[in-house]
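As a plain string of letters, each chain reads:
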Amino acid sequence: MWIAKTKSHLKKQLNDCSQPVILVPTMGALHLGHAGLIDMARQRAGKSGTVIVSIFVNAIQFDNAGDFEKYPRPFDADITVCQLHGVDGVFAPGHNEMYFPDRSITVTEELLSKGLCGDTRPGHFDGVCTVVLKLFNLTRCDAAVFGEKDFQQLAIIRRLVRDLDLDVEIILHPTIREIDGLAMSSRNVRLLSGHRKDAPRIRKALLAAGEMTSAQQILDTARQEIEKSPYLKIDYLTLVDAETLSPAANLNTPTILACAVYYDDVRLIDHIGIRR
Ligand code: AMP
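Description of the structure in this document. (Residues numbered from 1 in each chain as written. Predicted model: local features only at pLDDT ≥ 70, side-chain atom pairs only at ≥ 80, totals over all residues. Heavy atoms only, no water.)

## As for the layout of surface pockets
- Considered as a void within the structure, the largest pocket measures approximately 600 Å³ in volume.
- Taken together, 23 residues line the largest pocket, and the ones lying closest to its centre are E148, F151, A242, I256 and H271.
- Those elements that provide at least two residues to the lining of the largest pocket are α8 (151-163), α10 (201-210) and β9 (266-274).
- Examining the composition of the lining of the largest pocket, we find that six residues originate from one element, α8, more than from any other.
- Split into classes, the residues belonging to the lining of the largest pocket amount to ten nonpolar, four polar and nine charged.
- What the second largest pocket holds in volume is close to 220 Å³.
- I55, F56, V57, R73 and P93 are the residues nearest the centre of the second largest pocket, which is lined by 17 residues in total.
- Residues that form the lining of the second largest pocket fall into these classes: eleven nonpolar, three polar and three charged. (1 Å grid on protein atoms, 1.4 Å probe; cavity = no way out; pocket = protein on both sides within 12 Å on 5 of 7 lines; lining within 4 Å. Points joined across faces, edges and corners; volume = space filled by probe spheres on them. Helix = DSSP H or I, 4+ residues; strand = E, 2+ residues; numbered from the N terminus. Nonpolar A, V, L, I, M, F, W, Y, C, P; charged D, E, K, R; others polar.)

Take a look at the structure:
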C-alpha cells in the first residue's frame with residue numbers, strides 16, 4: 001500500500017494504477033463506519049481496480065477553530081485500518097499541500113446547504129464542496145463512496161456532480177452504528193463516559209417518533225424523548241423533504257427526520273427516513 005503526502009507523489013502512483021479508481025474521502029480517525037465504506041469501494045473496484053482513501057482534516061470546512069484543533073488524528077492507526085481492509089493507496093496531504101496561501105476560489109452550493117447543519121456551521125459545505133472537487137480532480141477517481149450518515153453532505157455532493165458535470169459516480173453507504181444504536185463517528189471518542197451512555201437515546205427517540213402518524217406528533221415525540229436527557233442540547237430537530245431538504249410540513253413526499261445535538265462541545269448528527 002502506498003502513502004502519498006504530496007500531489008506529485010499521488011500523480012506518480014496514479015500513472016501505475018489500474019481502473020476503476022474508487023475514492024473514499026475521509027478526515028481520518030477511521031472507525032468501522034469508514035471501514036464499511038472502504039469494503040464497499042473494494043467490492044466496486046474488484047480485485048484489480050484501485051481503492052484510494054484520502055485522509056485530510058480539511059481546515060476550511062470547520063467553522064470553529066477549537067473543533068478543528070481537537071479533531072482526532074491517529075494517523076498510524078488509520079494506516080493500519082487501511083492496510084487491514086486492502087486499500088491500495090492513501091492520499092494524506094497537509095494543509096499547505098492542498099491549499100495555496102493566496103487561494104481565491106471556493107465552490108459554493110446555494111440551496112441545499114441552507115438549513116440543517118448549514119445553519120449552525122456557516123461556510124462548512126463550501127469547504128466540503130471545495131475539497132471534494134479537488135480530491136476528485138487529484139485522484140481522477142471513477143467513483144467515490146460517501147456515508148448516508150451525513151445525508152445533507154451527500155445531497156450536496158450529488159448536486160456538485162450534477163451541476164459541474166463531474167464524471168464521478170457517487171456511491172452511498174448506509175449508516176453504520178454501535179451495538180447500542182449510536183451512529184459511529186470520529187467525534188464519539190470525545191464524549192465523556194456519561195454522555196456516551198446517554199447518546200443512544202438520539203436514535204431511540206428518532207425511531208419512536210417514526211412510529212407516529214402526523215408531522216407534529218413525530219416532532220413532539222422526538223423532542224420529548226431527546227429532552228429527557230439531562231446532558232444534551234438540541235441544535236436542530238426537523239422534518240425535511242428527502243430530495244430538496246426543504247422543511248416538510250406534511251408527509252406527502254419522502255421525508256427525513258433529522259437532528260443534531262451537542263454534548264458539551266461534541267456535536268452529533270443522526271436521521272431516519274419516514275416511510276408512509
Ligand atoms: P468523516 O471522516 O467523518 O468526514 O467521514 C468520511 C466519510 O465516512 C463520509 O462519507 C461519512 O458520511 C462516512 N461516515 C462516517 N461515519 C459513518 C458511519 N457511521 N456510517 C457510514 N458512513 C460514515
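## Describing the environment of Q43
- Within the secondary structure, Q43 sits in helix α2 (residues 32-45).
- Along the primary structure Q43 and I22 are separated by 21 residues, whereas in three dimensions their C-alpha atoms are 9.8 Å apart.

## A look at α10
- Of the positions making up α10, those classed as buried are I202, A205, L206 and A209. Burial along α10 is one-sided: seen end-on, the buried residues are contained in an arc of 95 degrees.
- Elements in contact with the buried residues of α10: α11 (215-227), β7 (232-241), β8 (255-263) and β9. (Buried < 20%, exposed > 50% of the residue type's maximum accessible area, 1.4 Å probe, protein only. Arc of directions from axis to C-beta. Contact = heavy atoms within 4.5 Å.)

## Observations concerning empty space enclosed by the protein
- A full pass over the atoms with the stated rule returns two cavities of 30 Å³ or more.
- Taken as a whole, the largest cavity spans an internal volume of roughly 830 Å³.
- Among the secondary structure elements, those contributing two or more residues to the lining of the largest cavity are β2 (21-26), α2, α7 (124-139), β5 (143-147), α8 and β9.
- Ranked by residue count, the leading element in the lining of the largest cavity is α7, at six residues.

## Quick look at the state of the cysteines
- Under the counting rule described, the total for this entry stands at zero disulfides.
- In this structure C17 is a free cysteine whose sulfur lies 11 Å from that of C141, the closest cysteine sulfur available.
- Here C82 is not disulfide-linked; the sulfur of C17 is the nearest cysteine sulfur, at 16 Å. (Disulfide = S-S within 2.5 Å.)

## Overview of the pairing of β5
- Of all five residues making up β5, five are buried, and the element is well covered by its neighbours.
- By the alternation rule, side chains of β5 split into A143, V145 and G147 and A144 and F146, which are all buried.
- For β2 and β5, the ladder comprises two bridges, and the chain directions are parallel. If you follow L23 over to β5, its bridge partner there is A144.
- One ladder, built from five bridges, connects β5 with strand β6 (residues 169-173); its direction is parallel. (Pairing = 2+ DSSP bridges.)

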